Amino acid sequence: MVAMGTTASPPGFDSKHFRNVLGHFPTGVTIVTGLADGAPAGFTIGSFTSISLDPPLVGFFAQTNSDTWAAMAPHGNFCVNVLDSSQGELCWKFAKSGVGDGRYDDLEWRASSTGCPILSGVTAWIDCTVDQTIELGDHYLVVGRVVELDHHVEPPDPLVFYRGSLGSFSGL
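These lines cover the structure that appears in this document, whether it is placed above or below.

Quick notes on the rules
Residues numbered from 1 in each chain as written. Predicted model: local features only at pLDDT ≥ 70, side-chain atom pairs only at ≥ 80, totals over all residues. Heavy atoms only, no water. Helix = DSSP H or I, 4+ residues; strand = E, 2+ residues; numbered from the N terminus. Buried < 20%, exposed > 50% of the residue type's maximum accessible area, 1.4 Å probe, protein only. Pairing = 2+ DSSP bridges. Axes fitted to C-alpha atoms, helices over the stretch in contact; angles between N-to-C directions. 1 Å grid on protein atoms, 1.4 Å probe; cavity = no way out; pocket = protein on both sides within 12 Å on 5 of 7 lines; lining within 4 Å. Points joined across faces, edges and corners; volume = space filled by probe spheres on them. Nonpolar A, V, L, I, M, F, W, Y, C, P; charged D, E, K, R; others polar. Core = buried A, V, L, I, M, F, W, Y, C linked by side-chain atoms within 4.5 Å. Contact = heavy atoms within 4.5 Å. Polar contact = N/O pair within 3.5 Å; in protein donor to acceptor, adjacent residues only side chain to side chain. Salt bridge = Lys/Arg side-chain N within 4 Å of Asp/Glu carboxyl O.

1. Considering unusual backbone geometry
- The linkage connecting D54 with the following residue, P55, adopts the cis geometry, with an omega of 5 degrees.
- Mapped onto the secondary structure, P55 falls in the loop between strand 4 (49–52) and strand 5 (57–63).
- Of note in the backbone geometry, D37 takes a positive phi value of approximately 55 degrees without being a glycine.
- Turning to its location among the elements, D37 is positioned in the loop between strand 2 (30–36) and strand 3 (39–45).
- When its relative accessible area of 85% is taken as the criterion, D37 is described as exposed.
- One non-glycine residue, D106, lies in the positive phi region at around 60 degrees.
- Within the secondary structure layout, D106 lies in the loop between helix 3 (88–93) and strand 7 (109–111).

2. Description of the pairing of strand 4
- Inspection of the sheet shows strand 4 paired to strand 5 by three bridges, in the antiparallel sense. Each residue of the ladder has a partner; that of S52, found in strand 5, is L57.
- The antiparallel hairpin formed by strand 4 and strand 5 contains four residues in its connecting segment.

3. Quick word on the sheet that holds strand 2
- Overall, antiparallel pairing links the seven strands, which are arranged 3-2-6-9-10-5-4 in an open sheet. Looking at the sheet topology across the chains shown, the edges are occupied by strand 3 and strand 4. Neighbour-to-neighbour, the strand axes of this sheet turn through a mean angle of 35 degrees, independent of strand direction.
- Here strand 6 (residues 77–82) runs beside strand 9 (residues 124–136); their pairing, made up of six bridges, is antiparallel. Looking at strand 9, one finds that V80 is bridged to I126.

4. Thoughts on the layout of surface pockets
- Here the largest pocket is characterised by a volume of approximately 1400 Å³.
- Lining the largest pocket are 36 residues, with R19, G46, Q63, H139 and F161 sitting closest to its centre.
- At the level of secondary structure, the elements contributing two or more residues to the lining of the largest pocket comprise helix 1 (15–22), strand 3, strand 5, helix 2 (67–72), helix 3 and strand 11 (159–162).
- Counting residues per element, the lining of the largest pocket draws most heavily on helix 1, which supplies four residues.
- Considered class by class, the residues forming the lining of the largest pocket number 16 nonpolar, 15 polar and five charged.

5. A few points about the nonpolar core
- Core analysis: the largest hydrophobic core is formed by 16 residues, its most contacted members being V32, F43, F60, W69 and F78.
- Among the secondary structure elements, those contributing two or more residues to this core are strand 2, strand 3, strand 5, helix 2, strand 6, strand 9 and strand 10 (139–151).
- Setting aside residues no more than four positions away along its own chain, V32 makes contact with A41, G42, F43, I45, F60, M72, F78, C79 and V80.
- By size, the runner-up hydrophobic cluster in this structure holds 14 residues, among which are C116, I118, V122 and W125.

6. Focus on the side chain of R103
- By the secondary structure assignment, R103 is in the loop between helix 3 and strand 7.
- The exposure class assigned to R103 is buried, which follows from its relative accessible area of 3%.
- Within the local environment of R103, its side chain forms a polar contact with the backbone oxygen of S97, the two atoms lying 2.9 Å apart.
- If near-sequence neighbours (up to four positions away) are discounted, R103 is found in contact with G42, F43, T68, K93, F94, K96, S97 and G98.

7. Side note on the pattern of salt bridges
- Under the counting rule described, the total for this entry stands at two salt bridges.
- Between D101 and R103 there is a salt bridge, with its nearest N and O atoms 2.8 Å apart.
- You can call D101 partly exposed: its relative accessible area is 36%.
- Here D131 ties to R145 by a salt bridge, and the two come within 3.4 Å at their closest N and O atoms. Highlighted residues: D131 in strand 9 and R145 in strand 10, separated in sequence by 14 residues.
- According to the relative accessible area criterion, R145 is partly exposed, its value standing at 34%.

In structure tokens:
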């Protein structure tokens, strides 16, 4: 039996099987954008969630070794860009480490009220200030206080990640 609060995996724990099983839970696809030394930065995140209505809080999980998040965090703000089913290429363009690598080349965007990039054509966007960051295992839970948000008037089908692949969802 593992005591509460320990971080070690149980004996014989299979990390690959863990990822495979959790891959059966479909997630929406977002790009979290911000500024790194005044330049636009961002990365793909599938772990975005609503946390609270009062106060308005949202969150996502960034890997503790993410150099992109490390570069963006000092700015103290981020914008969550919710992707639609036609933006798979954009998802993969931002699904890598680093900053200043051309991911914003030929990409249309505008600055939010906090200065973070709002990517053109996204289904919705949520602009936030960082409320708190909590280290949990090999990730940070980044909690943001919503400053401003909006959505496409007639939202297209969302981009969904499921079992290692991108797809879409259309309601019944």
